[in-house]
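Each chain, letter by letter, is given below.
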Amino acid sequence: MAWVGYGSAVTAPAPPPAAPGPWSYLARYRRGLLGGVVMLLVTNAMFLGIPVTTGKVVAALGDGDPDGRVPLLCALMVGFALATAVSRIWSRVWIFNAARAAEYDLRGDLFHHLLGLDGLYHASHPTGDTMSRLTNDVQTVRAMWGAGVLNIVNTAFAFATVLTMMIRIDPTLTLIACLPYPTIVVAGRLFGKRIYKASIGVQTQLGALSNEIQEDLTAIAAIKTYGLEAERRARFVASSHQLLGRNMALTRIRGAMGPVFAGLGSIAMLLVLYLGGKRHIDGRLGLDQLVEMTQYLARLVWPTLALGWMLSLLQRGQASWTRLANLLATRSTIVDGAGAPLPAAAQLGGLELKELTVKRGDRVVLDRVSFTVAPGTTTAIVGRTGSGKSTLCEAVNRLLDVPAGTVFLDGRDVTELTLADLRGAIGYAPQEAFLFSTTIADNIAFGYGAGSSLARGAGSPPRRMPPAGPPTKLADELRAAFSSVIESGEAPARVREAAATAGLTRDLDGMPEGFATVVGERGITLSGGQRQRVALARAIAADPRLLILDDSLSSVDAETEKVILERLRAVLANRTAILVSHRVAAVRAAHQIVVLDNGRVAEVGTHAELLQKNGAYAELYRTQLTAEAA
């Protein structure tokens, strides 16, 4: 793997044909679910023994207990209670474990899907909202799978078993006790619709707030520089108040639902006590039967109360799943090719562009760009800001979609190559260098060796829980490669050579930990020039067939740039390279210079040839000479 830029994924595997249903993940763990359901059945069966035994105790005490059965019946009651407790615990263990395993799969599929989406998606969707979907929404769906499924099954078993036993005692009284429950169903549907709508609002606002927090923490230096703490704090408070308001609206709905369901359940208990008491007084119902009936009805109190909470959980889970399903249904605009891989032996890197046109919305960024980069040569791309230089680099990498028949690598249409193969052949150091929060050695080595394992891991589906090991071999390979880095600061020769070529040696000598220095989030502990040079070393260490440096030295001073360019000559010898720079002095030695102007190729030639033409390049050259002289 040699692609070391940023934008879309390391690989862009073909997206799934359609987003799976919310219950398909849980169905993978049907054995655990079945075990939990069996335990719930056992729980409800064991509970039935408690009211039956209680009724017998009441009957025995009413007769004076001539046979001395009460102690034995009490012991039996304790046994039923213990069996109920044990089976209830195991039902939760199995069902909740299945839900967490399904959550693991869902989170892995979501991240895997995000890796396959192109840069356009990530540029147009706030990072905070995406993070909220992968955290809060996934947890809400898992709660629906775990507690939701458990309570649905438990409520069904409870009503089925209890009503059967109540009908055995007195069918008429049972029917009267059930009169309030149709009202509960109607109320549940009304509350459910309101909860679903309110939950969508809460999750959306939570995503927006997460994005604001992520943005402010990333730009904390700029906020402090311009003294915007008060304004950003006010915006945060306003967003928090909006989230609070939506949460309170949801809480009011859920809070009203509990008393409604509890009140309707209490009406059923009052009916049984009143009418059952009259039947006992009339001699049509024994005291033991009345006690047994009331205990059965008491068994339905929690399922009735839980019904409201369960409906709320299901509606919130469905709302979160809708957001996740929308993400899973998103398709990348960049389709992975299916052609044969590039020959591994021929490290050529010849590049050809034919009438390449790239648009961003309605704006044409590259307009019929055509030129050829001969294998083993260096081509420089120059032009004013906004001329399309970085877009051209992204087009070669297919970080943005390009038409078929416009970009060729070693004679192969890049749209026919797999993205892993294409990006594995290109070393790309972008102008905006991105570093990971790890050691300098790790950042340099990211693009070689273990990178191929990273590509394989991103191109294969996530493993089911529990995983047999790490998702890819990347962690093991890096751990083995850099165990000495943490202990002694020593790095592999390939990393040291790339760092020296990128002009990092003097900087590393001034760092106490050397190559083992942890650069912090996005490389915040390094200067802009140091970050660019680490990214440059990363691209050099990749040893690609085509090396693309997109203004990778824009943040270093002219003297350091001169030293780095001198060292790069050995790297660029007999290697195909594209060197983008806004400094003419950095590209004078290139075999070919392409001048872009408003997305079009204005001139092509060597430094001397372009000066003789006295066109755009010559004007740019004279302007920079004048600026340096001043």
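Residues numbered from 1 in each chain as written. Predicted model: local features only at pLDDT ≥ 70, side-chain atom pairs only at ≥ 80, totals over all residues. Heavy atoms only, no water.

Participant: Just to check I follow, could you spell out the overall build of the protein chain for this structure?
Facilitator: Helix and strand counts for the protein chain come out as 22 helices and 10 strands. Within the protein chain, the fraction of its 630 residues that count as buried is 48%. Long-range pairs, those at least 24 residues apart, make up 79% of the contacts in the protein chain with a sequence separation of at least 6. Total accessible area on the protein chain stands at roughly 29600 Å², and carbon and sulfur atoms take up 61% of it. (Helix = DSSP H or I, 4+ residues; strand = E, 2+ residues; numbered from the N terminus. Buried < 20%, exposed > 50% of the residue type's maximum accessible area, 1.4 Å probe, protein only. Contact = heavy atoms within 4.5 Å. Areas by Shrake-Rupley, 256 points an atom, 1.4 Å probe, with all protein chains shown as cover.)

Participant: Please clarify how the sheet that holds strand β4 (residues 407–409) should be interpreted in this entry.
Facilitator: Each strand in a sheet pairs with its neighbour through backbone hydrogen bonds, running either in the same direction (parallel) or in the opposite one (antiparallel). Pairing is antiparallel in the open sheet, where four strands are placed in the order β2-β1-β4-β5. Edge positions in the open sheet fall to β2 (363–373) and β5 (412–413), since each of these has one partner strand only. Inspection of the sheet shows strand β1 (residues 351–360) paired to β2 by seven bridges, in the antiparallel sense. Looking at β2, one finds that Glu352 is bridged to Thr372. (Pairing = 2+ DSSP bridges.)

Participant: Honestly, the nonpolar core in this entry has me stumped. Any pointers?
Facilitator: Side chains of a nonpolar character, in soluble globular proteins, are inclined to be buried together. Membership of the largest hydrophobic core comes to 46 residues, with the highest contact counts inside it found for Ile440, Ile444, Phe515, Leu568, Val587, Ile593 and Tyr617. When residues of this core are assigned to their parent elements, the largest contribution, six residues, is made by helix α19 (residues 528–541). (Core = buried A, V, L, I, M, F, W, Y, C linked by side-chain atoms within 4.5 Å.)

Participant: What am I meant to see in α19 here?
Facilitator: Given 3.6 residues to a turn, an α-helix orients residues that are three or four positions apart in the same direction. End to end, α19 covers 20 Å across 14 residues, agreeing with the expected 20 Å (1.5 Å per residue, within 8%). With respect to burial, α19 is a largely interior element, 12 of its 14 residues being buried. Gly529, Gln530, Gln532, Arg533, Val534, Ala535, Leu536, Ala537, Arg538, Ala539, Ile540 and Ala541 are the residues of α19 that are buried. Next to the buried residues of α19 lie β6 (426–429), α14 (440–445), α17 (493–501), α18 (505–509), β7 (546–550) and α20 (558–572). Two residues or fewer after α19 comes Asp543, characterised by a positive phi angle close to 50°. (Expected span 1.5 Å × (residues − 1).)

Participant: Just to check I follow, could you spell out helix α12 (residues 389–397) for this structure?
Facilitator: Of all the nine residues making up α12, eight are buried; the element is thus mostly covered by neighbouring parts of the structure. Burial in α12 covers these residues: Lys389, Thr391, Leu392, Cys393, Glu394, Ala395, Val396 and Asn397. Two residues or fewer after α12 comes Arg398, characterised by a positive phi angle close to 60°.

Participant: What is the right way to read the sheet that holds β6 from this model?
Facilitator: Strand order in this open sheet of six strands is β6-β7-β8-β3-β9-β10, and the pairing throughout is mixed. Edge strands, defined here as strands with exactly one partner in the open sheet, are β6 and β10 (600–605). Averaged over all adjacent pairs, the angle separating strand axes in this sheet is 15°, with direction ignored. Across five bridges, β7 lies against strand β8 (residues 576–580) in parallel orientation. Bridge pairing in β8 links Asp550 to Val580. Across the sheet, α12 is in contact with β3 (378–383), β6, β7, β8 and β9 (592–597); its angle to β7 comes to roughly 150°. α20 contacts β3, β7 and β8 of the sheet and is inclined by roughly 155° relative to β7. (Axes fitted to C-alpha atoms, helices over the stretch in contact; angles between N-to-C directions.)

Participant: Hey, could you run me through the side chain of Thr294 in this one?
Facilitator: Looking at the secondary structure, you find Thr294 in helix α10 (residues 287–299). On the basis of relative accessibility, which here comes to 17%, the residue Thr294 falls in the buried class. Polar contacts involving the side chain of Thr294 include one to the main-chain carbonyl oxygen of Val291, which spans 2.7 Å. Apart from residues lying up to four places away in sequence, Thr294 is in contact with Met269, Val272 and Leu273. (Polar contact = N/O pair within 3.5 Å; in protein donor to acceptor, adjacent residues only side chain to side chain.)

Participant: Please explain the confidence of the model for the protein chain as it appears in this structure.
Facilitator: Detailed reading of the predicted coordinates is not advisable wherever pLDDT falls low. Summary statistics for the protein chain give a mean pLDDT of 77 and a share of 86% for residues scoring 70 or more. Across residues 1–17, where pLDDT falls below 50, the model places 70 contacts with residues more than four positions away in sequence or in other chains. Counted against residues more than four places away or in other chains, residues 450–489, with its pLDDT under 50, gives 64 contacts. (pLDDT = per-residue confidence, 0-100.)

Participant: Got a minute to help me understand empty space enclosed by the protein in this structure?
Facilitator: Any empty space left between the atoms is revealed when a probe the size of a water molecule rolls over them. One pass over the structure, following the stated rule, counts three cavities of 30 Å³ or more. Considering only enclosed or pocket space, the largest cavity measures out at about 70 Å³ in volume. Surrounding the largest cavity, Leu536, Leu549, Asp551, Ser552, Leu553, Glu561, Leu565, Leu568, Leu579, Val580, Ser581 and Ala586 form its lining. Here the lining of the largest cavity takes three residues from α20, the largest share from any one element. Across the lining of the largest cavity, the residue classes tally to eight nonpolar, two polar and two charged. Here the second largest cavity is characterised by a volume of approximately 60 Å³. Mapped onto the lining of the second largest cavity, the elements with two or more residues apiece are β9 and α22 (616–629). Counting residues per element, the lining of the second largest cavity draws most heavily on β9, at three residues. Split by residue class, the lining of the second largest cavity holds four nonpolar, one polar and two charged. (1 Å grid on protein atoms, 1.4 Å probe; cavity = no way out; pocket = protein on both sides within 12 Å on 5 of 7 lines; lining within 4 Å. Points joined across faces, edges and corners; volume = space filled by probe spheres on them. Nonpolar A, V, L, I, M, F, W, Y, C, P; charged D, E, K, R; others polar.)

Participant: What is the right way to look at the packing of aromatic side chains in this model?
Facilitator: For any pair of aromatic rings, geometry is given as the distance between the ring centres together with the angle between the planes. Counted by the stated rule, this structure contains three aromatic pairs. Summarising the aromatic geometry, the rings of Tyr25 and Trp321 are spaced 6.2 Å apart at their centres and angled 70° between planes, so their arrangement reads as edge-to-face. One end of the pair, Tyr25, is in helix α1 (residues 24–27); the other, Trp321, is in helix α11 (residues 301–329), with 296 residues separating them in the sequence. Taking relative accessible area as the criterion, Tyr25 reaches 1% and is therefore assigned buried. Under the relative-accessibility criterion, Trp321 is labelled buried at 5%. Considering the side-chain rings of Trp90 and Trp94, the 5.5 Å spacing of their centres and the 45° angle between planes classify their relative orientation as tilted. Of the two residues, Trp90 and Trp94 are both situated in helix α3 (residues 70–116); the distance of four residues between them amounts to about one turn of the helix. With relative accessibility at 42%, the residue Trp90 sits in the partly exposed group. The aromatic ring of Phe408 is capped on one face by Lys354, whose charged end is 4.8 Å from the ring centroid. (Phe/Tyr/Trp six-rings, centres within 6.5 Å; stacked < 30°, edge-to-face > 60°. Lys NZ or Arg CZ within 6 Å of the ring centre and 35° of its normal.)

Participant: Honestly, the pairing of β3 in this entry has me stumped. Any pointers?
Facilitator: Regular strands have side chains that alternate between both faces of the sheet. Along β3, six of the six residues are buried, which leaves the element largely enclosed by surrounding structure. Of the pairings in the sheet, the one linking β3 to β9 comprises five bridges and is parallel in character. Pairing of Ile381 across the sheet is with Val594, part of β9.

Participant: Got a minute to help me understand the pairing of β6 in this structure?
Facilitator: Taking every second residue as pointing to the same face, both faces of β6 are buried, with Ile426 and Tyr428 on one and Gly427 and Ala429 on the other. By the bridge criterion, four bridges tie β6 to β7 in an arrangement that is parallel. Across the sheet, residue Gly427 finds its bridge partner in β7, namely Leu547.

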